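What the coordinates show
So the chains spell out like this:
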Amino acid sequence: MNAKLKITFLGTGTSSGIPMIACNCEVCTSTDKKDNRLRASILVQSSNTTIVVDTTPDFRYQMLREKVKKINAVLFTHPHKDHIAGLDDIRAFNYFQQSSIDIYANTLTQEALKKEFSYIFAEKKYPGIPEVDLRIIDKQPFVIGDISIIPILVWHLHMPVLGFRFGDFTYITDANKIEEQERKKITGSKIMVLNALREKKHISHFNLAEAIEIVHQLNVPEAYFIHLSHQIGKHQDVEKTLPAGIHLAYDGLRLMC
Ligand SMILES: [Zn+2]
Ligand SMILES: [Zn+2]
C-alpha cells in the first residue's frame, strides 16, 4: 500500500521562467498569476516524508513560498542548470535539521554537481557550506521514508533524464522520447506530469500535441503539463483547448494522489 501523497508544483516554467527577462509579449506581461512560472520542480510529501525534485534557480523562493520547514531528500532529474542551480540554498535545511541532506542522482548528474558545486565536495570545506550525501540511482526502485520511487529513464535529445513514479503519480520533465519499456512503468498511474514546451516542435522537449498523444497512448486519466515556455500562450486560453483530463499545471497547484 502506497503512502497518500501531497504534490505541490513549485515551478512550471521552462529554463527562462515566465515572465522571461526583457520580454513584452502578452504572456510575460499577463496579470493572471497562473502565467507566472518559476523553473520546474515539485514537492512530494507523505505524512512524514518530504522530497524535492530538482533545485532550480528559484529554489530559495519556492521553499519560502510553500513554507517548507524540513526536507528528507532531493531527487535530481538531470544536470541542466535550470534543474540544479539552487542547490546551495539547502544550507538552511542543514542548519535547522542539524544533518546533511540525501541527494539522489544518476552518475551523469553527480559528475555535473561535483563540477558546478566543487566547493561542496572539496576535501577541505569552508564552514557553513551545504552538506550532502550523494546516493547514486539508476533504474532500480528505491525508498525514501515511507515513499517508494521507481525511476523512469527518458530522453532529452541525447541526454538521459530520470522521471519518477511515486505510487500512482508519475513526474516527467525535460523529455522528447520515452522508450517502450519505460512507458510500461508509467501505465496504471492515476496522475501524470509531463513536459510540453509549446505548440511548435522542439528538438529536446515534447510539444503540446506530442504530450497529449503520450497521455492518451498510456491511458492515464489525469495529466498536468509543465516546463512551459511563454510561447505556449496564456494559461486560460490554452486550458480551454485541452482534451478532458489534461491540464496545464501552474505554480502553487496542489494535488493529492
Ligand atoms: Zn529544464
Ligand atoms: Zn533540460
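The sections below set out a description of the structure shown in this document. (Residues numbered from 1 in each chain as written. Chains lettered and ligands numbered in written order. Predicted model: local features only at pLDDT ≥ 70, side-chain atom pairs only at ≥ 80, totals over all residues. Heavy atoms only, no water.)

1. A word on the state of the cysteines
A complete count under the given rule lists zero disulfides for this structure. Of all cysteine sulfurs, the one in Cys-25 lies closest to Cys-23, which takes part in no disulfide; the gap is 3.7 Å. For Cys-25, a relative accessible area of 26% translates into the label partly exposed. (Disulfide = S-S within 2.5 Å. Buried < 20%, exposed > 50% of the residue type's maximum accessible area, 1.4 Å probe, protein only.)

2. Quick word on the coordination of the zinc ion (ligand 2)
Within the protein, His-78 (NE2), His-80 (ND1), His-156 (NE2) and Asp-174 (OD) serve as the donor atoms for the zinc ion (ligand 2), at 2.2 to 2.3 Å. Note that the zinc ion (ligand 2) binds four donor atoms; their angles at the metal cover 88 to 177°, and the shape is irregular. Motif for the zinc ion (ligand 2), donor spacing along one chain: H-x1-H-x75-H-x17-D. The class of His-80 is partly exposed, set by a relative accessible area of 32%. (Donors = N, O, S within 2.8 Å, 3.2 Å for Na, K, Ca; no water. Tetrahedral: all angles 85-135°; square planar, octahedral: opposite > 155°, others 65-115°.)

3. Remarks on unusual backbone geometry
Note the cis peptide between Ile-18 and Pro-19, where omega equals 0°. By secondary structure assignment, the location of Pro-19 is in the loop between strand E1 (6-11) and strand E2 (41-45). For Gln-98, which is not a glycine, the phi torsion comes out positive at approximately 55°. The topology assignment puts Gln-98 in the loop between helix H3 (91-97) and strand E5 (101-105). Given the relative accessible area of 68%, Gln-98 is considered exposed. (Helix = DSSP H or I, 4+ residues; strand = E, 2+ residues; numbered from the N terminus.)

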